[in-house]
Amino acid sequence: MGIQGLSKLIADNAPSSVKENEIKNYFGRKIAVDASMSIYQFLIAVRQEANMLTNADGETTSHLVGLFYRTIRMIDNGIKPVFVFDGKPPQMKSSELEKRQERRAEAQKNLEKAEEEGIAEDVNKFSRRLVKVTKQHNDECKELLKLMGVPYVEAPCEAEAQCAALVKDGKVYATATEDMDGLTFGSSVLLRHMTFSEARKMPIKEFHLNRVLEELGLNHEEFIDLCILLGCDYCESIKGIGPKKAFEYIKSDKRIENIIEKVEKQGKYKIPEDWLYKEARELFKNPEVADSASVELKWTDPDEEGLIKFLCGDKGFSEDRVKNGVKKLMKGRHGSTQGRLDSFFTVLPKTNSNPVKRKSEENGNAKKKTKATRGRGSGHSFNIDPDSEKFSRKGSQAETNSNEANHGLVFPPVG
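Residues numbered from 1 in each chain as written. Predicted model: local features only at pLDDT ≥ 70, side-chain atom pairs only at ≥ 80, totals over all residues. Heavy atoms only, no water.

A.B. asks: In this structure, what is going on with the pairing of strand S9 (residues 204-208)? I would like to understand it.
C.D. replies: In regular strands, side chains alternate between the two faces of the sheet. Burial of S9 is extensive: four of the five residues sit out of reach of the surface. Here strand S8 (residues 189-192) runs beside S9; their pairing, made up of four bridges, is antiparallel. Among the inter-strand pairings, Val-189 is bridged to a residue of S9, identified as His-208. (Buried < 20%, exposed > 50% of the residue type's maximum accessible area, 1.4 Å probe, protein only. Helix = DSSP H or I, 4+ residues; strand = E, 2+ residues; numbered from the N terminus. Pairing = 2+ DSSP bridges.)

Listed below in structure tokens is the structure:
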């Protein structure tokens, strides 16, 4: 479920914290992908008419088709993906899991009714609602990733929390997931639609936590309380308080404790009995994750023979297509030596004025100062837009679509 209504709230109140991007602009980036969310997408989207794809024995293969081709797409665009699998769900999520089971039972009844009445549209709709990622799906995807030479991480608990930890510790650039709670767990960059089908023409949505907080006027703890008020997987929210009102309360009262006090005085809303908001807050602040220092991310060449045996011999894939996929994987690993512009230079925060110009004006002789410093081997400061600039060094082109427009990039000394 993630956080209810958070993406729209951010779009309405912190629009500059979100940008749309093309997959090619993540060239050279390491991205932590929420594996369970992606597999769930594949099971729903990769279908033949209303049914999931299967092999000759009737075994589901939608998840493998989706994972194989969309991972190739990422690697073909210069991305280094690492897939993160869910571990044991936290005890606090049991209530949400029970609700999901109830919804599945209801969907099953509706599906049976639709099949009896022969309503194809409803059959398709309710069959999708019954999709569930199983242990077998996960195990098969892990085997496929291993054969493709792509690393994966098994989180002790929530995959989104582990992805956020990898981002915060500098192991990867961003979290790729559809659940917005990646931001709540503290991922500085969150990417939506990263594993969507290219045919859908969906741009990747890139959320920046620091800008979200800045535009909303909140610190991270206040943001966590806002997410709890909006509705998360770990506890109830206050019925009747929607996204707009929740944001107003957090802006004025800062913490849920203060909001409870105000709401009880007003008598307008009913606080949930035995509300576990403190426990949910702690889970977001200090989730159970593996120590990033112990996580080794290593990308290797694909095992062509193993892939053909696994996908063609066991799952009914076309051998020619698998071989073509292996070629793309090899090309993605060895076909380019490009580097990102921001890997060559130190990125500094944007300033309101050019430091060279300001210093020259203080001396009262801007032209003379500029001429005197021209051609020196010391570092120079420039204000450029990395989103539109291309830089070439030692024969290799380095392009970037940076997250921060108009950064100051400090070039190292020449020579």
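A.B. asks: Looking at this structure, I do not really get the environment of Arg-333. What am I missing?
C.D. replies: As for its placement among the helices and strands, Arg-333 is situated in helix H15 (residues 319-334). Distance in space between the C-alpha atoms of Arg-333 and Ile-75 is 7.6 Å, their sequence separation being 258 residues. What Arg-333 contacts, discounting residues up to four positions off in sequence, is Trp-299, Thr-300 and Asp-301. (Contact = heavy atoms within 4.5 Å.)

A.B. asks: When you look at the nonpolar core in this model, what are you seeing that I'm missing?
C.D. replies: Considering soluble globular proteins, one finds that nonpolar side chains tend to be buried as a cluster. Ile-31, Phe-83, Leu-144, Leu-191, Met-194 and Val-322 are the most contacted members of the largest nonpolar core, which totals 54 residues. When residues in this core are grouped by element, the largest group, seven residues, is from helix H3 (residues 62-76). Look past the residues within four positions of Leu-144 in its chain and what remains in contact with it is Leu-64, Leu-67, Phe-68, Leu-307, Phe-310 and Leu-311. (Core = buried A, V, L, I, M, F, W, Y, C linked by side-chain atoms within 4.5 Å.)

A.B. asks: Can you help me understand the sheet that holds strand S7 (residues 174-176) in this one?
C.D. replies: Within a sheet, adjacent strands bond to each other through the backbone by hydrogen bonds, running parallel or antiparallel. Spatially, seven strands are ordered S1-S9-S8-S7-S2-S5-S6 in an open sheet, and the strand pairing comes out mixed. On the outer flanks of this sheet lie strand S1 (18-21) and strand S6 (152-154), each paired with one strand and no other. Geometrically, the sheet is characterised by an average inter-axis angle of 25° between neighbouring strands, direction not taken into account. Note that S7 and S8 share two bridges and pair parallel. Bridge pairing in S8 links Thr-175 to Leu-190. Contacts from helix H7 (residues 159-168) reach strand S2 (30-34), strand S5 (80-85), S6, S7 and S8 within the one sheet, and its direction differs from that of S2 by about 170°. (Axes fitted to C-alpha atoms, helices over the stretch in contact; angles between N-to-C directions.)

Purely geometric numbers; function is a separate question.
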